[in-house]
Amino acid sequence: MRFSELATHILLIGSVSVVGIVYVVYSAFAQVASPPATVAFSTVLFKVEPGETTAEIASNLTDNGLVRNDLLFRLLVSRRGLDGSLQAGEYLLRPNMALDEIIDELLKGRVINEVVTILEGWRSEEIAEALAARGLIDPDEFLRIVANGLAEFDYDFLPPPGSDSTLEGFLFPDTYEVGPQTTARDFVERMLDRFDQVYTAPMREAAVRRGLSALEVVNLAAIVEREAVLDEERPIIASVFFNRLERGMKLEADPTVQYAVASREAFGTWWKQNLTFDDLATNSAYNTYVVPALPRGPIANPGISSILAVLEPDDTSFLFFVARGDGSHAFAETLEEHQQNVQRFIR
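Heads up: these notes are all about the structure in this document. (Residues numbered from 1 in each chain as written. Predicted model: local features only at pLDDT ≥ 70, side-chain atom pairs only at ≥ 80, totals over all residues. Heavy atoms only, no water.)

The next subject is the overall build of the protein. Secondary structure summary: the protein contains 17 helices and 6 strands in total. Counted over contacts in the protein with a minimum sequence separation of 6, partners at least 24 positions apart contribute 62%. Accessible area for the protein stands at about 16800 Å²; split by element, carbon and sulfur atoms hold 49% of it. (Helix = DSSP H or I, 4+ residues; strand = E, 2+ residues; numbered from the N terminus. Contact = heavy atoms within 4.5 Å. Areas by Shrake-Rupley, 256 points an atom, 1.4 Å probe, with all protein chains shown as cover.)

What follows is the structure, given as structure tokens:
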């Protein structure tokens with residue numbers, strides 16, 4: 001909402017008490033303020049049932065984190081003369097949408113045929129399997145487009161056509177609508193569009209300041225995504241990888257080995273859990289136990305939290321970490337300290 005619009009909304013409630021005005025003004029500024037990025041870029045399937053009133057819809061929007069204050073929403077609906085006009089249906093909404101945008105959507109009476117959620121950290125094969133399991137998209141065609149997409153799509157964040165890369169890493173994890181006419185190319189383009197929306201100008205500027213291309217950002221963010229469980233540890237894990245790269249050390253990240261040796265047929269999963277010494281020695285451009293740099297390309301498609309962790313890593317001296325077994329990690333600055341952590345937690 002623009003501040004000029006905010007002033008208009010305030011003028012409309014002259015009959016409300018002073019306390020009410022203060023409350024609405026506070027709520028309006030809260031709505032203008034951006035929600036946390038991890039929330040703002042998520043998509044929510046929101047349903048309006050037949051016969052629901054504006055007040056009920058406003059309350060449900062608030063409960064779903066889509067509107068900061070239901071009173072402000074109801075006032076805006078009233079101001080636009082739309083009481084009783086919001087339509088039953090299913091809508092894909094996001095917390096960072098302006099109130100007017102949400103109202104405009106709720107006037108459409110949409111019925112979504114199929115909704116599919118792509119999880120953070122999935123590789124393209126897992127996305128293809130999820131789409132195929134629902135009978136939505138031809139998985140082979142989807143993977144073909146991912147492999148050859150640099151020649152088919154023109155986005156400024158993608159590597160140039162002819163480079164040794166794919167669309168892996170740029171398929172933004174989110175909730176998407178898939179209709180009967182949606183093709184594999186349509187779906188890939190929709191995911192790239194979401195990445196283009198999410199990868200904002202400030203993020204791109206932060207990448208430039210760090211000397212990173214968009215490909216390098218998602219390459220490292222994909223590893224962080226596969227390593228991290230707790231959001232608060234993502235910037236720490238990112239710092240470990242930056243520290244190792246600056247010292248010319250190999251990243252030695254297990255998820256890159258999992259990507260290199262992946263076989264659904266052999267392991268029943270794309271992410272082999274129990275890696276062997278032979279696995280760690282696999283000769284692959286994706287294996288960071290072998291390659292003293294970032295892997296050849298992204299090993300998965302990271303979410304916004306991991307992308308932000310790469311753009312805004314913590315300032316640490318850590319060079320090592322090991323999983324504690326409860327989702328958290330033990331970090332260390334020296335090899336000796338790390339070996340002690342390994343003995344303690346791996347045992």
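Don't stop here, the text continues.
Moving on to the nonpolar core. Soluble globular proteins tend to pack their nonpolar side chains together in the buried interior. One finds F142 and F187 to be the most contacted residues of the largest nonpolar core, which totals 68 residues. Elements that contribute at least two residues to this core include exactly α7 (124-133), α8 (139-148), β4 (175-178), α9 (184-198), α10 (201-209), α11 (214-227), α12 (234-246) and α16 (304-311). A per-element tally of this core places α11 first, with 8 residues. Setting aside residues up to four positions removed in sequence, F142 forms contacts with S124, I127, A128, L131, I137, L171, A184, F187 and V188. Core analysis: the next-biggest nonpolar cluster, separate from the first, contains 21 residues, L61, L66, V77 and L86 among them. (Core = buried A, V, L, I, M, F, W, Y, C linked by side-chain atoms within 4.5 Å. Buried < 20%, exposed > 50% of the residue type's maximum accessible area, 1.4 Å probe, protein only.)

The next subject is the environment of G248. Within the secondary structure, G248 sits in the loop between α12 and α13 (254-260). Given a relative accessible area of 58%, G248 falls into the exposed group. Between the alpha carbons of G248 and A293 there is a distance of 7.8 Å; along the sequence they are 45 residues apart.

Turning our eyes to something else, we now look at the packing of aromatic side chains. We describe a pair of aromatic rings using the distance from one ring centre to the other and the angle between the two ring planes. Under the counting rule described, the total for this entry stands at 12 aromatic pairs. Ring centres of Y259 and Y286 lie 4.8 Å apart, and the angle between their planes is 55°; on these two criteria the pair is classed as tilted. Taken together, the positions of Y259 in helix α13 and Y286 in the loop between α15 (277-280) and α16 put the pair 27 residues apart, joining distant regions of the chain. In terms of burial, Y259 and Y286 fall into one category: buried. Centroid distance F321 to F331: 5.8 Å. Interplanar angle 45°. Geometry classified as tilted. (Phe/Tyr/Trp six-rings, centres within 6.5 Å; stacked < 30°, edge-to-face > 60°.)

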